[in-house]
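# Understanding the architecture of this molecule
Each chain, letter by letter, is given below.
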Amino acid sequence: MKDKTVEHGFPHQPSALGYSPFLRLMAIGTRSGAIKLYGAPGVEFMGLHEENNTVMQIHFIPDQCQLVALLDDNSLHLWSLKQHGGASELREEHRFTLKGPPGSPPSATQVTAVLPHSSREVLYLGTESGNIFVVELPSFRVLEDRTITPEAVLQRIPEDNCNRRSCELVEALREHPKNPDQILIGYSRALIVLWDLQNNKAIQHFLGSQQLENLYWQRDGSKFISCHYDGSYTQWPVSSDSRQAEPLENTVPYGPFPCKAISKIYWQTTKNGLPYIIFQGGMPRASYGDRHSISVIHGSQQTAFDFTSRVIDFFIIFSSDPAAEFDDPSALVVLAEEELVVIDLKSAGWPAVHPPYLASLHCSAITCSHHVSNIPLKLWERIISAGSKQNIHYSSMPWPIDGGTNIAPDPPQRDLLLTGHEDGTVRFWDASGVCLHLLYKLSTVRVFLTDADPNDNMNTLGEDEWPPLRKVGTFDPYSDDPRLGIQKIYLCKYSGYLAVAGTAGQVLVMELNDEDAEHVVDHAEADLLQDQEGYRWKGHEKLKTRDGPVRFEAGFQPFVLVQCQPPAVVTSLALHSEWRLVAFGTSHGFGLFDHQQKRLVFVKCTLHPSDQLALEGPLSRVKSLKKSLRQSFRRIRRSRVSSRKRRGGGGTASEVQEANAKFDQDALQEMELAPVQRKIEARSAEDSFTGFVRTLYFADTFLRDSSRHCPSLWAGTNGGTVYAFCLRVPPAERRMDEPVRAEQAKEIQLMHRAPVVGILVLDGRSTPLPEPLEVAHDLSKSPDMQGSHQLLVVSEEQFKVFTLPKVSSKLKLKLTALEGCRVRKVTVANFGSCKTDDYSENDLAVLTNLGDIQIISLPFLKLQIRYPCIRKEDVSGIASCVFTKYGQGFYLISPSEFERFSLSTKWLVEPRCIVDMPEVTSNNHVHNKSGTENAARRSRESGKSPDDCGEDERKSGRLMEHALLNDESE
């Protein structure tokens, strides 16, 4: 068993960026101390510093599979890519903290600039005090005799030009591109010194007039560029004849008004003679001081790329061949706080490049997820085709960060992960392999009238617009209307029907169209408060819809809208594409809609007289209030002595008195239970939103008698009630002529009244019923309709099997944890054998509020295994978890990242890649791939795992519990 396998999405709170032109690998550091390396799609590595401190800087050692990270606690860490078991792994080799003499202030050794020398033997460390220390690699031994002190620097500079304070705080260190014995030292107070490492002396010095931000050498070493706090940059000539140089040119690109600092700059030479000047910042302070921009200037072309989140760092991909005469830049890579953006500098207009990984999942906040396994090829191709029409504005450039080799086996099937977002969009991700790649984006906004016009183009600029800003990236945290938020998604992979439901009670049914189309979206209302008097909705209004035809892009296009009244959040959704029915539920009830005839079949109000609060509006506030009250009273019951002493602590005196009266009886009953079981607490009808519909389920089963089966709809509520409706669906030839009819056949009230989170029907072979159309596509056996069917009802606190059609209790399993364990998610997972394709079994995969995952056998409800997956404090992670059909799962570890885990040894998706150790010759650098790639291929064929070294750590953090539980009737 494997739990965490790969992280998808964009790193949370990135703080540093590095790039190796030799390895063609990019490194990202985060505020939580993580280091993530990325190369060609599928090539990725992750390391985590034990200290969990912010990564401030990342520097690759030239021509090596090594990098150095500087953390905010002033520690340096050396990481290496090592080969193990036929694949590469990222390992921390050494750590080091620069220490000054006793009694020296922290600033004496506070590292501000790091320069890995091309000799690969030393690091130069600039500090706040102005000292530059030399540290040996890989031992991190300080070479004290080679320290460059401010006093040594000032000896060679005339006193009338500089003083001691001029050499405080080293802002930048840059090695001469043609002479490794010379480095450029930039001090914060605008003094720049060209230093001779062999003779330990200053060759030349340069005095700027503004605070220094950064330095950049031109390729031939004849000039360098300095950028400054006032938004200017300066060209300086380098010559051994002159001790003090005068600037060649000083430019304020967005002057003359006061501008923000230019914090980093590149000067890239080209064959046509016109350089690329690329810099961060420099915008006019008054009007554009809040913009996050990077400007590119090439001759008469100038664009200021405008990002919606703060720019962390950037780099340019250009020719790394030492023999090349020009830089010839090809791509600009920008790490912003919320996304990675790559700009193609070779193509006209400098378009963005579509990233194959590091997707900004949270470009609008994720509100729900839905996973579909084993997508048919035809549907897959149609979705990709629809997505390609949306991506015509992207560059066709191949992904430029392409280091390493992906040696993982090809994914065995095509999987989709659908994410619903706050702005009313649904994104379709290729979740088949290591890289989570965006295939297609669906927007529901066009159906509704909102403040923003969907045809508005945020990037349109007038010809004379200055500065020439151009919005780039996809991150947009602002929603036009929070009611647009997607709450539930259901995709039928066989028919191509898609149902999405939202925050304001809207349910849209869509079908896939390969062409753009314009049509009217049919509307229907479902009044869930029918026959109920005295109720008045106090929450938000429904969304207003557009009149007349609406134009839709190729892809999924809505053809009917069902509007729930009151317009509360849709809490459950089910789609049966064979019967052409969609069911939906809210906190007030549920309904059934025939999307072929476009008519409402029935609605059922589930409100209890105590559920007046359900009409208040935002569910989260009321729900949390009820939950906190419930938890308060339960704590009172648990504390026999203290509850009697503190009667006012959890509620009114009468409520506390009632809780205390029940305590002794509860305690006696608790003692009579088997030691592995826990008492299921009975709840009153007033305990929470009893009418809240948690789950909906379609089944063709025996509901009225054991001789005839019929279509049915099942609904489970927060109050422990299960409703079953018998449906009459006309045969295909009369489907449009006769209405679908429904009649309530059963109502089951669980004695403990815990919320129902799952409903499942097992056929005569005790196998879960197949999905709609699954049998018709020969992907599942026909269900056994000869033997008796069974109904499994999963509540937050127990699993219970009933016989059908009598609905008599047959078997049950109570949760065993004593810490207030509750079921949060449940699904049927198919576990296949690694040894033979002929064997597989269906089990329940269960996630609890403690973050544990339990595997429970069907139909006997035996606990097979239990282990921790998500921290119990990570409430949003638990709420976001989604299981796959074959024993994998995803959950959000941050707003922008999914953690992927696997419960199955057969279905594993994890990075397996190799980065070749470089061989350096006297003249040039050679990538020798043949030996290592052959070894990698042999490893793949033998099936060896690259994770041997981490196996002990994973085993130690894994809890496995095997238990046989006694069957007990209610």
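Residues numbered from 1 in each chain as written. Predicted model: local features only at pLDDT ≥ 70, side-chain atom pairs only at ≥ 80, totals over all residues. Heavy atoms only, no water.

On to the nonpolar core, then. Ranked by size, the top nonpolar core spans 55 residues in total, and within it Met26, Ile278, Phe315, Leu332, Leu340 and Ile343 carry the most contacts. For this core, the element with the most residues is strand E26 (residues 311-317), which contributes six residues. When near neighbours in sequence (up to four residues on either side) are disregarded, Leu340 contacts Phe10, Met26, Val333, Val334, Leu335, Leu358 and Trp399. Counting 38 residues, the second largest nonpolar core, distinct from the first, contains Ala724, Ile748, Leu769 and Leu850. (Core = buried A, V, L, I, M, F, W, Y, C linked by side-chain atoms within 4.5 Å. Buried < 20%, exposed > 50% of the residue type's maximum accessible area, 1.4 Å probe, protein only. Helix = DSSP H or I, 4+ residues; strand = E, 2+ residues; numbered from the N terminus. Contact = heavy atoms within 4.5 Å.)

With the rule as written, the count across this model stands at zero disulfides. Summary of cysteine pairing: Cys726 is not part of a disulfide, and the nearest cysteine sulfur, belonging to Cys710, is at 3.0 Å. (Disulfide = S-S within 2.5 Å.)

Bringing the sheet that holds strand E27 (residues 331-336) into the picture now. Pairing is antiparallel in the open sheet, where three strands are placed in the order E26-E27-E28. Unpaired on one side and paired on the other, E26 and strand E28 (340-344) mark the two borders of the sheet. Averaged over all pairs of adjacent strands, the angle between strand axes in this sheet comes to 15°, irrespective of strand direction. Both E26 and E27 contribute to a ladder of six bridges, which runs antiparallel. (Pairing = 2+ DSSP bridges. Axes fitted to C-alpha atoms, helices over the stretch in contact; angles between N-to-C directions.)

Glancing now at the pattern of salt bridges. Within this structure, the stated rule accounts for 31 salt bridges. Residue Asp306 pairs with Arg291 through a salt bridge whose shortest N-O separation is 2.7 Å. Taken as a pair, Asp306 in strand E25 (residues 301-307) and Arg291 in the loop between helix H2 (285-288) and strand E24 (292-298) lie far apart in primary sequence, 15 residues in all. Since its relative accessible area comes to 32%, Arg291 is described here as partly exposed. When the shortest N-O distance is used, the salt bridge between Glu796 and Arg824 registers 3.1 Å. In this pair, Glu796 sits in the loop between strand E51 (790-795) and strand E52 (798-803) while Arg824 sits in strand E54 (residues 823-832), placing the two residues 28 residues apart along the sequence. The class of Arg824 is partly exposed, set by a relative accessible area of 29%. (Salt bridge = Lys/Arg side-chain N within 4 Å of Asp/Glu carboxyl O.)

In this structure, Pro256 follows Gly255 across a cis peptide bond, with omega equal to 10°. Among the structural elements, Pro256 can be located in the loop between strand E21 (249-251) and strand E22 (262-268). Across the junction of Gln565 and Pro566, the peptide omega takes the value -5°, indicating a cis bond. Here Pro566 shows up in the loop between strand E41 (555-565) and strand E42 (572-576). Even without glycine at this site, Arg120 takes up a positive phi of about 65°.

This part is about helix H3 (residues 377-390). If you check H3, its first and last C-alpha atoms are 20 Å apart, about what 14 residues at 1.5 Å a residue would give, namely 20 Å. Among all positions of H3, only Leu379, Trp380, Ile383, Ala386, Gly387 and Gln390 are buried. The buried residues of H3 all sit within an arc of 130° when viewed along its axis, so they share a single face. Residues of H3 that are buried make contact with strand E31 (416-421), strand E32 (425-430), strand E33 (437-443), strand E37 (506-513) and E41. (Expected span 1.5 Å × (residues − 1). Arc of directions from axis to C-beta.)

We now examine the confidence of the model for the protein chain. Mean pLDDT for the protein chain: 85, with 83% of residues reaching 70 or above. Scored below 50 in pLDDT, residues 635-682 shows 54 contacts in the model against residues more than four places distant or in partner chains. A low-confidence stretch, residues 921-970 (pLDDT under 50), is modelled with 82 contacts involving residues beyond four sequence positions or located in other chains. (pLDDT = per-residue confidence, 0-100.)

A few words on the sheet that holds strand E57 (residues 863-868). Taken in spatial order, the four strands line up as E54-E55-E56-E57 in an open sheet, and their pairing is antiparallel. What marks the edges here is a single partner per strand, and that holds for E54 and E57. Here the strands of the sheet are splayed against their neighbours by 20° on average, with no regard to which way each runs. Where E54 lies against strand E55 (residues 840-848), nine bridges are found, and the strand directions are antiparallel.

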